[in-house]
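# Observations on chain architecture
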Amino acid sequence: MTDISYQSQRDSIVAAVRELDARGLVSGSSGNVSLRLENEGNHERYLVTPAGISYDELTADDLVVVDEQLEPVGAELVPSTESLLHHGIYQARPDVGAVVHTHSLYASIVAVTSKRIPPVVDEMIVYVGGPVEVADYEFPGTSELAEAGVRALGDRRAVLLRNHGLCAAAPSLKEAMHVAILVERVAQIYVHAEMMGGAVALPDYAVEAERQVYLMRSGLADSE
Ligand SMILES: [Zn+2]
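The present account deals with the structure reproduced in this document. None of these values were measured; they are calculated from a predicted model.

Turning to unusual backbone geometry, a few remarks are in order. For Tyr-6, which is not glycine, the phi dihedral falls at a positive 50°. Take Tyr-6: it is sitting in the segment before helix H1 (7-22). By relative accessible area, which is 10% here, Tyr-6 ends up buried. Even without being glycine, Leu-70 reaches a positive phi, approximately 65°. Here Leu-70 is to be found in the loop between strand S3 (64-66) and helix H2 (83-92).

This part covers the pattern of salt bridges. Taken as a whole, this structure holds 8 salt bridges when the rule is applied. The salt bridge partner of Glu-133 is Arg-116, with a shortest N-O separation of 3.0 Å. You can see Glu-133 sitting in the loop between helix H4 (122-128) and strand S5 (134-135) and its partner Arg-116 sitting in the loop between helix H3 (105-112) and H4, a full 17 residues away along the chain. The salt bridge involving Arg-211 is made with Asp-155; its shortest N-O contact spans 2.8 Å.

To continue, consider the nonpolar core. Ranked by internal contacts, the top residues of the largest apolar core, which has 51 residues, are Val-100, Ile-117, Met-124, Leu-160 and Leu-173. Every element with two or more residues in this core is listed here: H1, strand S1 (32-40), strand S4 (98-102), H3, H4, strand S6 (158-161), strand S7 (165-170) and helix H6 (173-195). Tallying contributions element by element places H6 first for this core, with 11 residues. Setting aside residues no more than four positions away along its own chain, Leu-173 makes contact with Ser-12, Ile-13, Ala-16, Val-33, Leu-35, Ala-98 and Val-100.

Once that is clear, we can look at the side chain of Asp-67. Within the fold, Asp-67 resides in the loop between S3 and H2. For Asp-67, which is buried and forms no salt bridge, the nearest opposite charge comes from Arg-45, at a distance of 6.3 Å. A distance of 2.9 Å separates a polar atom in the side chain of Asp-67 from the backbone nitrogen of Glu-71. Discounting chain neighbours no more than four positions away, the residues touching Asp-67 are Glu-44, Arg-45, Tyr-46 and Val-73.

The next thing to look at is the coordination of the zinc ion. In this structure, His-101 (NE2), His-103 (NE2) and His-164 (NE2) serve as the protein donors to the zinc ion, at separations of 2.0 to 2.1 Å. Between consecutive donor residues of the zinc ion, the sequence gaps follow H-x1-H-x60-H. Remark: His-164 occurs in the loop between S6 and S7 and His-101 occurs in strand S4; sequence separation between them is 63 residues. The exposure class of His-164 is buried, given its relative accessible area of 13%.

The next thing to look at is the environment of Pro-131. Here Pro-131 shows up in the loop between H4 and S5. Taking the relative accessible area as the measure of exposure, Pro-131 reaches 13% and is therefore buried. Contacts of Pro-131, omitting those with residues within four sequence positions, involve Arg-116, Ile-117, Pro-118, Pro-119, Met-124 and Arg-156.

Think of an α-helix as 3.6 residues a turn; residues three or four steps apart then line up on the same face. Those residues of helix H5 (residues 143-153) lying buried are Leu-145, Ala-146, Ala-148, Gly-149, Ala-152 and Leu-153. Viewed along the axis of H5, the buried residues span an arc of 165°, placing them on a single side of the element. Relative to its buried face, H5 has exposed residues pointing more than 90 degrees away, namely Glu-147 and Arg-151. Buried residues along H5 sit in contact with H2, S5, S6 and S7. Note on H5: the residue one or two positions beyond its end, Gly-154, has a positive phi of about 60°.

Conventions and cut-offs
- Residues numbered from 1 in each chain as written.
- Predicted model: local features only at pLDDT ≥ 70, side-chain atom pairs only at ≥ 80, totals over all residues.
- Heavy atoms only, no water.
- Helix = DSSP H or I, 4+ residues; strand = E, 2+ residues; numbered from the N terminus.
- Buried < 20%, exposed > 50% of the residue type's maximum accessible area, 1.4 Å probe, protein only.
- Salt bridge = Lys/Arg side-chain N within 4 Å of Asp/Glu carboxyl O.
- Core = buried A, V, L, I, M, F, W, Y, C linked by side-chain atoms within 4.5 Å.
- Contact = heavy atoms within 4.5 Å.
- Lys, Arg positive; Asp, Glu negative; His and termini not counted.
- Polar contact = N/O pair within 3.5 Å; in protein donor to acceptor, adjacent residues only side chain to side chain.
- Donors = N, O, S within 2.8 Å, 3.2 Å for Na, K, Ca; no water.
- Arc of directions from axis to C-beta.

In structure tokens:
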């Protein structure tokens, strides 16, 4: 029994995981989802999906509360093996409140080519902040992967992990889910466009104008 329930946050992660599963963006226990919880006392806490539980069996009680050292708080299950990646993003990006990591098919196809997804549709600039860069390869579950992911993420909301998958990070879980779904769709468009002779990037002026919209909406406009 734990003294912290976070029931609504638990329910929102379970709903997100069910949606990822229904959309085919995760399979088995691949991928993971986390939320930055409100501060309790002077400690940051996060709610993370557990390692090794199939998503169709996951319940709200299985989710693991971890502290800033990633130690489970009053939980019996082990947090996701990619907790370091989630935690690295939260540390680097105070604006991020939720992280969704998937091994979705088309994002993974682009990730195994070690290419980024160039700015090919307007929505990705407005909602993701620009192209989806690809992080250098590092072993899954390591602090090196977390560092590479954070570096390639920059101030945007999605990053490809080379030979691995996709990570979406946004202020809310709803927004992170939207980004994960959007980037998978954009990856699908990009892969097919490349097969049809090559995707053409948006004009620079459109990318620049739409990126200003992203920065304003994200409260990041002063960072440039
Ligand atoms: Zn993964």
